[in-house]
Amino acid sequence: MLEPHYGELNMPPAAATNLAHKPPDGGWGWAVVVAAFISIGFSYAFPKSLTIYFKEIQEYFSVSYSEIAWLSSVMLASMYAGGPVSSILVNRYGSRPVVMLGGLMVSAAMVLSSFGTTIIHLYLCVGVIGGFGLAFNLQPALTIIGTYFQAKRPLANGLAMTGSPVFLSILAPLNQFLFDSYGWRGSFLILGSVVFNCCVAGALMRPVSNQKPKGCLPPSNEAVDQGAVADAGPQTADSDPEEGQHEGKGQTQNSKLVDLTLFKHRGFLIYLVGNVVMFFGFFAPVVFLAPYAKHQGIDEYSAAFLLTIFALVDMFIRPFTGFLGNTRRIRPKIQYFFSFAVSYNGICHLLFPLASGYQGLVVYAVFFGVGFGMVSALLFEVLMDLVGAPRFSSAVGLVTIIECGPVLLGPPISGALVDTFGEYKYLYSTCGVLMLTPGIFFFVMHYFNYKKLEDEQKQKAAGEMRRPEETVELKSNNEANK
Amino acid sequence: MENMPASWKLLLMLLLVLTASCGRVHAETLAPSPKPLASVPALSADMRKVAVLKSQNSTQNVQLLNPVNLSLECSLTADHNNLPNISAFWSQDGREIPDSRLTVALENQQYHLQRLFYISGEEMLGSYSCVFENGVRADFILATPPFGEVRDKPVVSYVRDFVVLPCKMEEAKPKPLSWRWFRGNKTHKEQISEQPERFQIHSEERKSKLKVINLTHEDAGVYYCGAVYAIGTTMNPIELKVITYQEPLKPFIGILIEVVLLVAVIFLCEKRRSKKNTSKGNEENVDQNNIKLQEEEKGAEEGSSMRQRKV
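Residues numbered from 1 in each chain as written. Chains lettered and ligands numbered in written order. Predicted model: local features only at pLDDT ≥ 70, side-chain atom pairs only at ≥ 80, totals over all residues. Heavy atoms only, no water.

Going by an unreviewed UniProt entry, chain B carries the name Embigin and comes from Oryzias melastigma. Recorded in UniProt for chain B, the comment headed Subcellular location (unreviewed entry) runs: "Membrane". (UniProt positions renumbered as here; feature names shortened; annotations may be inferred.)

Labelled according to an unreviewed UniProt entry, chain A appears under the name Solute carrier family 16 member 7, originating from Oryzias melastigma. Of chain A, the UniProt comment under Subcellular location (unreviewed entry) reads exactly: "Basolateral cell membrane".

Further remarks concern the overall build of chain B. Check the secondary structure of chain B and you find 2 helices and 17 strands. A burial count over chain B gives 33% of its 311 residues as buried. In chain B, 64% of the contacts between residues at least 6 apart in sequence involve partners at least 24 apart. Surface exposure of chain B reaches about 19,700 Å², of which carbon and sulfur atoms provide 54%. (Helix = DSSP H or I, 4+ residues; strand = E, 2+ residues; numbered from the N terminus. Buried < 20%, exposed > 50% of the residue type's maximum accessible area, 1.4 Å probe, protein only. Contact = heavy atoms within 4.5 Å. Areas by Shrake-Rupley, 256 points an atom, 1.4 Å probe, with all protein chains shown as cover.)

Attention now goes to unusual backbone geometry. Residues and elements named next belong to chain B. Backbone geometry at Asp93 places phi at a positive 55°, although glycine is not the residue there. Considering the arrangement of structural elements, one finds Asp93 in the loop between β4 (85-92) and β5 (95-96). Under the relative-accessibility criterion, Asp93 is labelled partly exposed at 42%. Even without being a glycine, Asp99 presents a positive backbone phi close to 60°.

Here we come to the interface of chain B and chain A. As a measure of interface size, the accessible area lost when the parts come together is often cited. Contact residues are listed per partner, giving 29 residues for chain B and 28 residues for chain A. Both faces combined, the contact of chain B with chain A buries some 2,500 Å², and carbon together with sulfur accounts for 64% of it. Sorting the residues of chain B by area buried against chain A places B:Phe252, B:Ile266 and B:Glu270 first, and these three jointly supply 20% of that buried surface. Applying the counting criterion to the chain B and chain A interface returns 5 salt bridges. A salt bridge links B:Glu270 to A:Arg96, with the shortest nitrogen-to-oxygen separation between them at 2.5 Å. On the surface where chain B and chain A come into contact, there are 7 residue pairs in polar contact (both at pLDDT 80 or more). The element best represented in the side of chain B that touches chain A is helix α2 (residues 246-310) of chain B, accounting for 16 residues. Across the side of chain B that touches chain A, the residue classes tally to 19 nonpolar, no polar and 10 charged. (Buried area = accessible area lost by both parts, 1.4 Å probe. Salt bridge = Lys/Arg side-chain N within 4 Å of Asp/Glu carboxyl O. Polar contact = N/O pair within 3.5 Å; in protein donor to acceptor, adjacent residues only side chain to side chain. Nonpolar A, V, L, I, M, F, W, Y, C, P; charged D, E, K, R; others polar.)

Backbone-to-backbone hydrogen bonds join strands into a sheet, with any given pair of strands oriented parallel or antiparallel. An order of β10-β17-β16-β12-β13 (chain B) is seen for the 5 strands of this open sheet, with the pairing classed as mixed. Looking at the sheet topology across the chains shown, the edges are occupied by β10 (155-158) and β13 (189-191) of chain B. Across the sheet, the axes of successive neighbouring strands diverge by a mean angle of 35°, strand direction being ignored. Across 3 bridges, the pairing between strand β12 (residues 178-184) of chain B and β13(B) is antiparallel. Bridge pairing in β13(B) links B:Phe182 to B:Gln191. In this fold helix α7 (residues 163-195) of chain A packs onto β10 and β17 (233-243) of chain B, with an angle of close to 40° to the strand it touches most, β10(B). (Pairing = 2+ DSSP bridges. Axes fitted to C-alpha atoms, helices over the stretch in contact; angles between N-to-C directions.)

The next thing to look at is the pattern of salt bridges. All chains considered together, the criterion is met by 16 salt bridges over all chains. We note a salt bridge from A:Arg318 to A:Asp314, for which the minimum N-O separation is 2.8 Å. Here A:Asp314 and A:Arg318 lie together in helix α14 (residues 300-326), a separation of 4 residues that amounts to about one turn. Side by side, A:Arg318 and A:Asp314 carry an identical accessibility label, which is buried. Between B:Lys173 and B:Glu170 there is a salt bridge, with its nearest N and O atoms 3.3 Å apart. In this structure B:Lys173 comes out as buried when scored by relative accessible area, which is 18%. Three or more residues are tied together by salt bridges with common partners; here these are A:Arg96, A:Arg206 and B:Glu270.

The next thing to look at is the pairing of β17(B). Residue and element names in this part refer to chain B. With 4 bridges joining them, β10 and β17 adopt parallel strand pairing. If you follow Val156 over to β17, its bridge partner there is Lys241. Note: strand β16 (residues 221-228) against β17, 8 bridges, orientation antiparallel. Each bridged residue has a counterpart across the sheet, and for Gly226 the counterpart in β17 is Met235. Counted between consecutive antiparallel strands, the loop separating β16 from β17 contains 4 residues.

Residues and elements named next belong to chain A. It is the contact of helix α6 (residues 153-161) with helix α16 (residues 357-387), at a shortest axis distance of 8 Å, that shows an interaxial angle of 140°. What the angle tells us is that α6 and α16 run oblique. Handedness of the α6/α16 crossing: right-handed. Here α6 contributes Arg153, Pro154, Asn157, Gly158 and Met161 to the contact with α16, which in turn contributes Ser376, Ala377, Phe380, Glu381, Met384 and Asp385. Looking at the contact of α6 with α16 residue by residue, the classes come out as 5 nonpolar, 3 polar and 3 charged. (Parallel < 35°, antiparallel > 145°, perpendicular 65-115°, else oblique. Left-handed = near helix turned anticlockwise from the far one by under 90°.)

Turning our eyes to something else, we now look at the pairing of β16(B). All names here are of chain B. Here β16 lies mainly inside the structure; 6 of its 8 residues are buried. In this sheet, β16 lies alongside β12 in antiparallel orientation, the contact comprising 6 bridges. Residue pairing across strands places Trp181 opposite Cys225, the latter belonging to β16.

Time to look at a positive patch on the surface. Together, B:Lys271, B:Arg272, B:Arg273, B:Lys275, B:Lys276 and B:Lys280 make up a positively charged patch on the protein surface. By secondary structure assignment, the location of B:Arg272 is in helix α2. (Patch = residues over 30% accessible without salt bridge, like charges linked within 9 Å, V, L, I, M, F, W, Y side chains within 5 Å. Lys, Arg positive; Asp, Glu negative; His and termini not counted. Charge placed at Lys NZ, Arg CZ, Asp CG, Glu CD.)

With that settled, consider the UniProt feature "transmembrane region" (unreviewed entry) in chain B. Mapped onto the present numbering, the UniProt feature "transmembrane region" (unreviewed entry) falls on residues 251-269 of chain B. Helix makes up 100% of residues 251-269 of chain B and strand 0%, whereas the separation of the span's terminal C-alpha atoms amounts to 27 Å.

On to the environment of A:Met435. All names here are of chain A. Here Met435 lies in helix α18 (residues 425-481). For Met435, a relative accessible area of 0% corresponds to the buried category. Spatially, the C-alpha atoms of Met435 and Val277 are 7.6 Å apart, while their sequence positions differ by 158 residues. When residues no more than four places from it in sequence are discounted, the contact partners of Met435 are Met278, Gly281, Phe282, Val342, Ser343, Asn345, Gly346 and His349.

A few words now on α7(A). Between its first and last C-alpha, α7(A) extends only 14 Å over 33 residues, short of the 48 Å set by a 1.5 Å rise per residue. Taking the largest bend as the criterion, α7(A) deviates by roughly 120°, centred on A:Gly183. (Expected span 1.5 Å × (residues − 1). Bend = angle between axes of the 7 residues up to and from the residue.)

Turning our eyes to something else, we now look at the state of the cysteines. Residue and element names in this part refer to chain B. Inspection of the entire model under this criterion finds 2 disulfides over all chains. Residue Cys74 pairs covalently with Cys130 via a disulfide, S to S 1.9 Å. On the sign convention where negative is left-handed, the bridge of Cys74 and Cys130, at about -110° about the S-S bond, is left-handed. Residue Cys74 is located in strand β3 (residues 68-77), and its partner Cys130 is located in strand β8 (residues 126-132); the two are separated by 56 residues in the primary sequence. Judged by its relative accessible area of 0%, Cys130 is buried. Linked covalently through their sulfurs, Cys167 and Cys225 form a disulfide whose S-S length is 1.6 Å. Across the S-S bond linking Cys167 and Cys225, the dihedral sits near -60°, which makes this disulfide left-handed. A residue pair is termed long-range when its members are at least 10 positions apart, and Cys167 in strand β11 (residues 163-168) and Cys225 in strand β16 qualify at 58 residues. (Disulfide = S-S within 2.5 Å.)

As structure tokens, then:
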């Protein structure tokens, strides 16, 4: 039910909001962006910042380095595996309760782990419960942006995703300070209260339509059903006829499971295939940047400074990318923007071996920061653009659990590559290929997808034109019959 | 060598002096005055360290593992003065070594000074310097292999908990013979012996860990891990701080209260706003109902009037 005035923005012939309400695109929406900023920030930055404690915990429990590194992996795996569970809960109860529950979970996990006596205790508390709690923060935060924004959604997404580098920049020194003052146990206790602020984020995530009772099906589906049956006039602007047909089935499915009909959605499949390949090579270059620099003979502080440069560039590029994605020219073809961002990353990595000396590395850090920020800012925006806000929750749940594989396997495989060849340049070339291929894949597939969507849009428009005419005839017939 | 009777030692010393006076190179042993370390040095050195000086002082670190005959040499490049002779002396730890003052002749634009030292034990480690008349000096700092990473921040642990203090000698440095742990301050260190209920020491070749169990406030302080070599022990200080659970509890509760307050404020504001909206909405509904009623009445009237007219 897109109002006519959105047409001015040349809305893409992709899935629309299909929401019963008009997205506010402002007002309380900006408070929700702040809330999402906090939730996303904690979700991504918290696991990374815990690595500061690993050395002491390793000594304390007398375990090997790989055993302590498992903690990160368990946490990440739980975060991704918790995606579908999170989706189901959000579909049912909305974002707010899930985020507050998530905040409570991570908080409790950290407090419990501060009294831990074995490393298994830590795996379970911080790893499993903490990971799930963070999953309950990430998904709903992304979903609620889709309900509050339509016209300004890329900007809102870009701003919210900026939470990740900002929180990392805050949590890293904070954790160091806590560690120096309180040791790991006290720090975990205090971190439990710090992460409890996710509940504040949850409190801010007011559901858009306040009249919506709990436990109810999302009004979007009801509206579309009614729209298809009773409402002949306004265009739903739903250029995806597959959705209309499956809406009936989807309604019952949403209440029970995640929306598995997404696997028949063309755009979703393109996104999924491309992302799975891309994630193998997405994080490894960040992980190995500092070790590579040290390998080249650069001292530890300068190597760490490279990461700081990277994070700063990332921080500023994300909102800027969101802003660009919102412009009149790019918004309708935002999939091409994403494809460009992915390909740009690939080219960056492929050219990396040419970088020489510290200046070369700094230049690379800047360019890579731009690429990483662009992809991160658009990552969920394009998914929303493809499947629409109502199905986004299920979509992101499915995507995260499938992405679990490449995200977890990526760094160890890269590590194996480095160990086998003894050189980092093969790693970066491989990552370059792993990013460039999906980039080109996205360009090609979305070209066809856009074409098909346009055709479907025209068909539907033609079809709906006939219906008002028919109803007019009917009415006139009725009146004549009176 | 230490078991030789005194008379033999004296004879050998005389022989040495005779041979030394023939040559230009002065090779002397340095016997520490209090202890009768009567080792007769060979004229050849096991180790040789050279400092080349021009106008600035130089400092060198010499890493020693075992007792050694060490030859220290200083070569001072002559400046424009080109004095034929220059006097110089050796000092140990800032004090001039007695009978070490010499006059060095200019040779190939250089003043060359050399001395052989026999470093037998830890007391002999320290800073040795050759000092020339014009003030230029070279310092040789003799020491056992130092630790690479020195932890400057204290390790924090809790009462009734345990703590593991680690110590590592990197791959690049030589392996120590054994490890020892000490407690105390710079002047007085006490070795820690293994007591099953309080201290556990676990040492490997390059690593050593001290586990202090059932901590109390008295356990706080500086601990030293010592890497033992034949010639001496390198100490690495680690500070231990013991605190109670109440310390982190304060910020924890503080932040918890902050979160609860914020959440409460947000929910209260929302309730207030929704109350306003519903009361507004009620008013609007009432108005709308009134209007509808009026319209219906009007319509009914018109309808009836129409019917009346029709009839």
